[in-house]
Amino acid sequence: MNIREALEKLCLAPSPSGYEREVAKVFSAWLSEYADEVRMDKMGSIIAKFEGTEKDAPIIMAYAHMDQLGFIVRRINEDGFIQVDRLGGIPEKVLPALRLSIRTKEGRFVPGIIGNKAHHASSQEEKYKVDLVTSLNIDVGASNRKEVLEMGIDVGCPAIYRPSFETLGKDKVSGTALDDRGGLAALLKAAELLSKKRPKSTVYICGTVWEEFNIRGAVFAARSVKPDVAIGLDVILAGDTPDLADKFQNAVGKGPTINLYNFHGRGTLNGMIPNENLVKLAETVADEQRIPHQRFASLGIITESAYLQMEGEGTACLDLGFPARYTHSPVEVASISDIENLGKLVATLVSSIDGNTDLNRYSLDEERR
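Residues numbered from 1 in each chain as written. Predicted model: local features only at pLDDT ≥ 70, side-chain atom pairs only at ≥ 80, totals over all residues. Heavy atoms only, no water.

1. Considering the environment of A347
Moving on, step 1. Relative to the helices and strands, A347 is located in helix α10 (residues 336-351).
Moving on, step 2. On the accessibility criterion, A347 (5% relative accessible area) is buried.
Moving on, step 3. Separated by 182 residues in the primary sequence, A347 and F165 place their C-alpha atoms 26 Å from one another.
Moving on, step 4. Setting aside residues no more than four positions away along its own chain, A347 makes contact with A190, L193 and L194. (Helix = DSSP H or I, 4+ residues; strand = E, 2+ residues; numbered from the N terminus. Buried < 20%, exposed > 50% of the residue type's maximum accessible area, 1.4 Å probe, protein only. Contact = heavy atoms within 4.5 Å.)

Shown next as structure tokens:
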């Protein structure tokens, strides 16, 4: 498969959190070329099955989220301007003069822009001020509230950054929703490889919902699949830009990441320390297959594994990722080779897991330490 082509189609499919239908259609259609079966659960997650060759091998779930962050229409003013609230972690300083796509009640997407006060009429203080999202106004070309309603836009309709995708240099791409369409593209690469060489374990590849909203969509897919092992794919923060060079050592183009720690302390109080045996196995197979890889750990981040690890009697979890610049902005940047190598790492890792793989967090037996 052409990883760039797949990534572009995924990024251009408008799918705000809670309304993932468009990207789900793209993802499921591609998966259907490789999987034994593809289905959708009640919450909207896509689940593709790859039957394993060993009956007693662990069940594995590899997943990435399909949704993207955005906005929710809160109010339509009588003059036809629209006010919104955030749907996910929107950075407010990038919003003025931004192009949006607004989903109507019928499921169509119509264009809009976030207005920015004319520069010539702005005071010195206003020119350097970051406005709250709740104070901004969206212009859809309507003259009054009635015209907005006639477009199919009403309170509760979601909006997203206008989808975009372009190549930067030889290996990098920039666009909207690389978080986490890059993870989906990597899963498609893994699916292609698994279709050619069957794993010992039965593997479920899943595109999940709601991550940007409440970080719990993968839990519903897990309750359907009932995995022994779960491998989550998402962006990590690249440290190769001037603003983050002294915080992270990860770089775009240097390979996928094996994630050792995340914790979100701002109200959520949850995070994930991965299963150490899975970490060691991932590093071993990456070295053996000469897949370039990096290690990553950070505060202030949380992934769906934080909740999925609590399912059943406890699920052995590991997060893998790909470095991205400018996360949650309309111009995220990532490397095609990182995403392709992430897919290879997923396929290699799940293929190395069998009935003899130790999935306990640790052993009391000194000989097995």
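2. Details of the sheet that holds strand β10 (residues 165-168)
Across a sheet, strands are paired by hydrogen bonds formed along the backbone, either parallel or antiparallel in direction.
Moving on, step 1. Read from one edge of the open sheet, three strands run β10-β11-β18, paired in antiparallel fashion. Edge positions in the open sheet fall to β10 and β18 (332-335), since each of these has one partner strand only. Here the average twist between neighbouring strands, direction ignored, is 30°.
Moving on, step 2. Alignment of β10 against strand β11 (residues 172-175), held across four bridges, turns out to be antiparallel. What sits directly across from F165, in β11, is G175.
Moving on, step 3. Of the strands in this sheet, β10 and β11 touch helix α1 (residues 3-11), which is tilted by about 140° from β10. (Pairing = 2+ DSSP bridges. Axes fitted to C-alpha atoms, helices over the stretch in contact; angles between N-to-C directions.)

3. Notes on the pattern of salt bridges
Moving on, step 1. The final tally for this structure, using the stated rule, is 16 salt bridges.
Moving on, step 2. As a salt-bridge pair, R198 and D36 come within 2.6 Å of each other at their nearest N and O atoms. Placement of the pair is R198 in the loop between α5 (178-196) and β12 (203-208) and D36 in the loop between α2 (21-31) and β1 (37-40), with a sequence separation of 162 residues.
Moving on, step 3. The exposure class of R198 is partly exposed, given its relative accessible area of 34%.
Moving on, step 4. Here D36 falls in the partly exposed class, since its relative accessible area comes to 42%.
Moving on, step 5. With a closest N to O distance of 3.1 Å, K189 and E192 form a salt bridge. Placement of the pair is K189 and E192 together in helix α5, with a separation of three residues, close to one helical turn.
Moving on, step 6. The buried category is assigned to K189, whose relative accessible area is 9%.
Moving on, step 7. Salt bridges sharing common partners tie together K189, E192, K196 and E340. (Salt bridge = Lys/Arg side-chain N within 4 Å of Asp/Glu carboxyl O.)

4. Describing the state of the cysteines
Moving on, step 1. As enumerated under the stated definition, the model contains zero disulfides in all.
Moving on, step 2. Left without a disulfide partner, C206 is nearest to the cysteine sulfur of C317, which lies 13 Å away. (Disulfide = S-S within 2.5 Å.)

5. Details of a nonpolar patch on the surface
Moving on, step 1. A cluster of nonpolar side chains, Y261, I273 and L299, forms an exposed patch at the surface whose accessible area comes to about 310 Å².
Moving on, step 2. Turning to its location among the elements, I273 is positioned in the loop between β15 (270-272) and α8 (276-288).
Moving on, step 3. With a relative accessible area of 51%, I273 lands in the exposed category. (Patch = residues over 30% accessible without salt bridge, like charges linked within 9 Å, V, L, I, M, F, W, Y side chains within 5 Å. Areas by Shrake-Rupley, 256 points an atom, 1.4 Å probe, with all protein chains shown as cover.)

6. Remarks on the nonpolar core
Moving on, step 1. Ranked by size, the top nonpolar core spans 61 residues in total, and within it L7, F27, F50, I205 and L320 carry the most contacts.
Moving on, step 2. When near neighbours in sequence (up to four residues on either side) are disregarded, F50 contacts Y34, A35, D36, A191, L194, S195, R198, S201, T202, V203 and I205.
Moving on, step 3. V73, I82, I114 and A142 belong to the second-largest nonpolar core, a separate cluster that totals 23 residues. (Core = buried A, V, L, I, M, F, W, Y, C linked by side-chain atoms within 4.5 Å.)

7. Brief notes about the layout of surface pockets
Moving on, step 1. Considering only enclosed or pocket space, the largest pocket measures out at about 1100 Å³ in volume.
Moving on, step 2. As for the largest pocket, its lining consists of 41 residues, of which G89, R266, G300, T327 and H328 are closest to the centre.
Moving on, step 3. Broken down by secondary-structure element, the contributors of at least two residues to the lining of the largest pocket are α6 (211-214), β13 (229-237) and β16 (294-299).
Moving on, step 4. Residues belonging to the lining of the largest pocket are distributed by class as follows: 17 nonpolar, 13 polar and eleven charged.
Moving on, step 5. Size it by volume and the second largest pocket reaches roughly 430 Å³.
Moving on, step 6. Lining the second largest pocket are 17 residues; nearest its centre among them are N116, K117, S122, E126 and D131. (1 Å grid on protein atoms, 1.4 Å probe; cavity = no way out; pocket = protein on both sides within 12 Å on 5 of 7 lines; lining within 4 Å. Points joined across faces, edges and corners; volume = space filled by probe spheres on them. Nonpolar A, V, L, I, M, F, W, Y, C, P; charged D, E, K, R; others polar.)

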